[in-house]
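# Residue-level structural notes
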Amino acid sequence: MTKNSGNEHLFRYVLALGDDAMVLGQGLSDWCSRGPYLEEDLALANVALDYLGRARMFYDYAAQLEGKGRNEDDLAFFRDSREYRNYLLHELPHGDFAYTMARQLMVDIYSVEYLTALIKSSDETLSAIAQRTLKESQYHLRRSRTWVVRLGDGTEESHRRIQTAFDELWGYTHELFEPDEGEKTLAAEGIAVDCSTIKDAWDRAVNGVLAEATLTRPDEDWAVRGGRKGIHTESLGPMLAEMQYMQRAYPGLEW
Amino acid sequence: MGNFNCDAAELERRFQQRVDDELRIEPKDWMPEKYRKNLIRQISQHAHSEVIGMQPEGCWITRAPTLHRKIVLLAKVQDEGGHGLYLYSAAETLGVSRDEMIERLHNGSAKYASIFNYPSITWADVGIIGWLVDGAAIVNQITLQRTSYGPYARAMVRVCKEESFHQRQGYQSVMALAFGSEEQKAMAQDALDRWWWPSLMMFGPHDAESANSAQSMKWKIKRESNDSLRQRFVDQTVPQAEYLGLRIPDPELKWNESRGHYDFGEIDWDEFNNVVQGNGPCNRQRLAHHVKAHEDGAWVREAVKAYNEKQRARAEAEASAGQHAA
Amino acid sequence: MKETEQIPLYEVFVRSKRGLDHKHVGSLHAGSSEQALEYARDCYTRRSEGSSIWVVKSTDIVASQSDDASSFHDPMDDKPYRHAAHYVLPDPINNM
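Analysis parameters
- Residues numbered from 1 in each chain as written.
- Chains lettered and ligands numbered in written order.
- Predicted model: local features only at pLDDT ≥ 70, side-chain atom pairs only at ≥ 80, totals over all residues.
- Heavy atoms only, no water.
- Helix = DSSP H or I, 4+ residues; strand = E, 2+ residues; numbered from the N terminus.
- Expected span 1.5 Å × (residues − 1).
- Buried < 20%, exposed > 50% of the residue type's maximum accessible area, 1.4 Å probe, protein only.
- Polar contact = N/O pair within 3.5 Å; in protein donor to acceptor, adjacent residues only side chain to side chain.
- Contact = heavy atoms within 4.5 Å.
- Buried area = accessible area lost by both parts, 1.4 Å probe.
- Salt bridge = Lys/Arg side-chain N within 4 Å of Asp/Glu carboxyl O.
- Nonpolar A, V, L, I, M, F, W, Y, C, P; charged D, E, K, R; others polar.
- pLDDT = per-residue confidence, 0-100.

Moving on: helix α4 (residues 67-92) of chain B. The terminal C-alpha atoms of α4 of chain B lie 37 Å apart, and with 26 residues this matches the ideal 38 Å at 1.5 Å per residue to within 8%. In terms of burial, α4 of chain B is largely enclosed, as 24 of its 26 residues are buried.

Next comes the structure, spelled out in structure tokens:
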């Protein structure tokens with residue numbers, strides 16, 4: 001494998017990590033002024049800011065790797081949905097508060113495991129990004145764990161809502177543990193995380209929280225996949241249309 | 001209310017003396033009931049303004065044209081919410097609850113700054129709001145750092161530290177437009193045309209026409225007159241507009257050498273009153289948005305309380321089970 | 001439409017990284033003391049590293065009288081930190 005194709009794998013890998021953070025951040029930022037009470041509104045905004053900052057870090061690095069003179073905004077605003085590589089779980093609309101926190105719990109447990117492993121990457125930049133962002137994800141996890149337990153073991157209505165959320169999101173979690181060829185190659189080189197290796201830890205952690213929250217682990221028999229291949233849900237199109245509107249309508253300007 | 005060592009008139013006299021001596025009034029100090037009500041009204045309405053103000057800028061977060069602008073805007077709107085929090089916190093020291101304040105906002109008996117009843121319809125509006133609306137707010141808030149009620153003054157000190165950053169970010173955003181393409185310049189000018197007069201209206205009616213002004217000044221809740229603050233805002237903002245090459249939509253605006261200030265035109269008080277009374281472009285929408293968020297969040301707040309209650313019951317059960325075992 | 005009881009109110013005290021002591025910075029509503037700490041981080045320190053935060057349930061604070069106690073305060077008034085709400089606020093109050 002030539003250095004170039006190695007770089008191509010790495011570029012696509014880092015781009016994917018940037019896309020994961022980008023769409024999550026975009027979705028969470030929509031909670032601003034809509035939270036269940038003011039303190040929580042501010043807390044959600046902070047989580048959104050963390051993800052947006054994370055997206056910039058990954059996009060910056062990806063742009064460097066690509067070496068074609070693109071920058072973070074080019075990557076965020078001028079790729080259509082077929083070029084976005086994020087996991088489907090991250091792009092779904094944020095739904096009600098239970099939906100948001102159920103998704104966040106699963107993403108946060110995943111992120112903590114993933115970033116802990118990514119710190120060991122032989123790629124210095126990825127390792128540094130992982131070190132900075134692990135603390136954030138640990139904080140996010142404290143929050144989402146608290147909320148899932150509170151909603152699961154709160155009222156009948158909150159219990160119903162969060163159980164429904166887990167039931168509806170579960171099928172989107174399978175692809176989180178299925179590395180594609182590029183990732184496998186990079187993992188073998190000690191650069192990327194082999195996400196199949198974190199499934200057991202993730203399962204244990206999620207099961208623990210579900211139990212404490214008096215919730216049931218959903219059925220395993222359905223799955224929706226395609227994020228890393230650019231085969232997205234129908235939610236991503238409208239999200240990108242909204243996000244990219246200004247740049248597409250007024251291209252090539254400074255803001 | 002128990003035995004006081006002095007009568008009401010004496011209490012009032014000592015209170016006023018304290019105010020005149022520039023000593024702060026703190027939550028546990030005796031205060032005239034009207035002072036307390038006046039403050040609750042002012043502080044809670046200030047808080048409501050910050051929170052409602054999250055809407056016209058917040059609606060552009062998902063559409064910000066760059067990642068940098070998106071992050072800066074989200075951080076700014078979050079700050080504004082945070083200011084609302086400081087202010088609700090200050091108001092709660094006066095014996096009113098958050099729930100009561102929210103209820104008053106929803107039933108229309110508490111107001112918020114009318115400026116937020118205008119729509120934010122282009123990206124340029126976001127920068128203009130940061131430059132003008134925050135600029136006007138800063139002029140007001142700087143003087144409030146010396147307001148007589150301690151918790152309110154301290155909240156204002158914290159707010160002022162953060163607010164100038166917001167104004168600068170807004171101005172920078174407008175600069176990018178004013179020095180950008182023809183289309184961007186036109187966008188900025190159009191936004192300035194729409195937001196200038198509402199910004200001046202933020203300072204309220206002429207003092208002679210303001211029912212609360214005199215008493216608020218006597219109690220040092222308010223430190224400077226509406227007109228004086230408005231003049232300061234105009235004086236500081238005109239050069240900023242000139243630097244941008246943007247035209248302020250007031251044909252009567254001109255420097256008055258003998259006064260040492262800018263002369264400017266008369267506000268359309270019909271429009272002002274109309275908006276204050278609820279007939280501005282966005283009044284219903286702003287309130288409906290807040291009501292919806294609050295109602296949508298009710299089951300979440302109920303869940304928090306239910307969970308706490310369950311935890312408390314469990315702890316009690318364990319404690320008494322422990323006692324029986326022992 | 002009043003909810004039966006509020007989510008508890010906590011007072012927040014922050015010592016900045018270079019500070020010497022904790023200062024009272026305000027209050028917030030939270031479901032638990034852990035959550036109060038988290039919200040305080042988000043709201044009162046904007047996540048600046050190295051700040052130390054204390055949160056205390058408002059109802060747990062016991063406060064002294066000011067030095068003008070003899071003339072200003074009800075000597076029987078041992079109510080906690082906040083101004084006691086003696087009245088229910090009446091109908092719509094004037095706007096500015």
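Still more ground to cover, so stick around.
Relative to the helices and strands, Asp123 of chain A resides in the loop between α5 (97-118) and α6 (124-152). Here the side chain of Asp123 of chain A touches Leu126 of chain A through a polar contact of 3.0 Å, landing on its backbone nitrogen.

Here we take up the interface of chain C and chain A. Contacts between the two partners involve twelve residues from chain C and, on the opposite side, twelve residues from chain A. Both faces considered, chain C and chain A share a buried interface measuring about 1,200 Å² in area, 44% of it formed by carbon and sulfur atoms. In this structure, Arg142 of chain A and Glu38 of chain C form a salt bridge, with 3.3 Å as the shortest nitrogen-oxygen distance. Our count for the chain C to chain A interface comes out at eight residue pairs in polar contact (both at pLDDT 80 or more). For the side of chain C that touches chain A, the elements supplying multiple residues, two or more each, are β2 (23-29) and α1 (33-44) of chain C. Here the side of chain C that touches chain A is built from residues that sort into four nonpolar, four polar and four charged.

At Ser33 of chain A, a position not held by glycine, the phi torsion is positive, near 75 degrees. Positionally, Ser33 of chain A belongs in the loop between α1 (3-29) and α2 (38-66).

A few words now on the confidence of the model for chain C. Mean pLDDT over chain C stands at 70; residues scoring 70 or higher make up 57%. Interface scoring of the predicted complex returns ipTM 0.96; its pTM is 0.92.

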